[in-house]
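These are the residues of each chain, in order.
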Amino acid sequence: MIPTLTWTDEGVRFIDQTKLPLEESYVLATTVDEVADVIVTMVVRGAPAIGVSAAYGVALGAHNTRAATVTEFAPEFEQICTRLAGTRPTAVNLFWAIDRMKKLFASELAAGTPLYQIKVKILNEAHAMYDEDIAACKAMGAHGGALLPDEGGVLTHCNAGALATCGYGTALGVIRSAVEMGKNIHVYADETRPFLQGARLTAWELMADGIPTTVICDNMAASLMRAGKIKAVVVGADRIAANGDFANKIGTYNVAILAKEHGIPFYCAAPWSTIDMETPTGDAIPIEERNQKEVTHHGGKQLTPNGVGICNPAFDVTPAKYTTAIITERGVLRAPYAESLRTMELAAK
Ligand code: MRU
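Residues numbered from 1 in each chain as written. Predicted model: local features only at pLDDT ≥ 70, side-chain atom pairs only at ≥ 80, totals over all residues. Heavy atoms only, no water.

Topic: the domain arrangement of the protein
Cut-off, in case you're wondering: Where each domain starts and ends comes from a domain assignment, either automatic or drawn from a database. Note on contacts: a residue pair qualifies if any of its non-hydrogen atoms lie within 4.5 Å across the two residues. Defined in terms of a 1.4 Å probe, buried area is the accessible area two parts forfeit on being brought together, summed over both. We define a salt bridge as a side-chain nitrogen of Lys or Arg found within 4 Å of a carboxyl oxygen belonging to Asp or Glu. Any pair of N or O atoms that falls within 3.5 Å is considered a polar contact. Within protein, one atom must be able to donate a hydrogen and the other to accept it, and sequence-neighbouring residues count only if both atoms are side-chain atoms. Helical segments are the DSSP runs of H or I of at least four residues, strand segments are the runs of E of at least two, and each set is numbered from the N terminus.
With domains assigned, the protein is organised as domain 1 (5–138) and domain 2 (142–348). Taking only C-alpha atoms into account, the centre of domain 1 sits 25 Å from that of domain 2. Listed by partner, the interface residues are 30 residues for domain 1 and 33 residues for domain 2. Both faces considered, domain 1 and domain 2 share a buried interface measuring about 2700 Å² in area, 60% of it formed by carbon and sulfur atoms. Linking domain 1 to domain 2 there are 1 salt bridge. On the surface where domain 1 and domain 2 come into contact, there are 16 residue pairs in polar contact (both at pLDDT 80 or more). Every element with two or more residues in the side of domain 1 that touches domain 2 is listed here: α2 (47–64), α4 (92–111) and α5 (115–145). The biggest single contributor to the side of domain 1 that touches domain 2 is α5, with 6 residues.

So, in structure tokens, the structure goes:
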């Protein structure tokens, strides 16, 4: 299994995704600030992995505290949560994980639980989120694998794999599961400029599994679709609004439009922790703008003339009308998503 993030006695150990595929190295975060840094610098990335990393960040903060009592720790707990919540704005899993920790802390505080026990409970909650994430990916795989064609090309964008989760992956979990079902799938991985999650990470982890994979430049998808090489598209999500619009890696929207134009099914696979019923539509999803250097430079080399205008939004929003189905661990949702999401949300309560 790919060790995306692991809790150890020394701290949280992350595979360094900025170095893959050329170098397999690890970063050990021993403080809340170090966990925040690995999230900001994208040593760890991908919505579910960011959420669980933040949960372990809270656990690390509780573990390291010098406070002697819960009352003394309470303001520090708030600061830890604020620090981690300020790392990346788009993936709602980050806020979902921190909220879950806040709820746990508030109820233990109210119950008068001593600090040493709260520390254990916070760590166990992070472990639970980790295990639940893998289980959710497996369940998504089972639901979504059945939707993929028995054979042919499947296009994915960015990396929504084991590296973006605690293991197995969302979109890549669906593909892995289809392959385990005996389907003859060939993956086309968009390289995903500017951070190249597809070329570097998706290609690396699918090759490790022996799943046939071809990396394409982002501008090649239309012509492959026209040539009949793509039978389905499956992508992940960073935040799904209550009406089914969803934010995912920049360029996902392009792929969705192309899929519609060519009559190709377009699936979005995400755990329920990515669904944000408080955000009514995609227009209200905050989109992270990242450092211009990700666009102007590659491998330390400058690509663009000095002073040229640059924009670098990390995500775009795909309107719900382009999505054939949303695959979650609870099942497969179809349009109208406002209704199917609400029904499934209520059924789980
Ligand atoms: O900027 P990143 O690499 O964190 O963006 C990741 C994506 O957009 C993924 O597709 C999304 O988080 C789903 S991961 C299961």
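Side note on the sheet that holds strand β9 (residues 246–249)
Cut-off, in case you're wondering: Whether two strands pair comes down to DSSP finding at least two bridges between them.
Across the sheet, 4 strands lie side by side as β11-β8-β9-β14; this open sheet has mixed pairing. Sheet topology places β11 (275–276) and β14 (315–318) at the edges, where each strand pairs with a single neighbour. Direction of pairing for strand β8 (residues 239–241) relative to β9: antiparallel, over a ladder of 2 bridges. Residue arginine 239 lies in a different strand from β9, and its bridge partner there is alanine 247.

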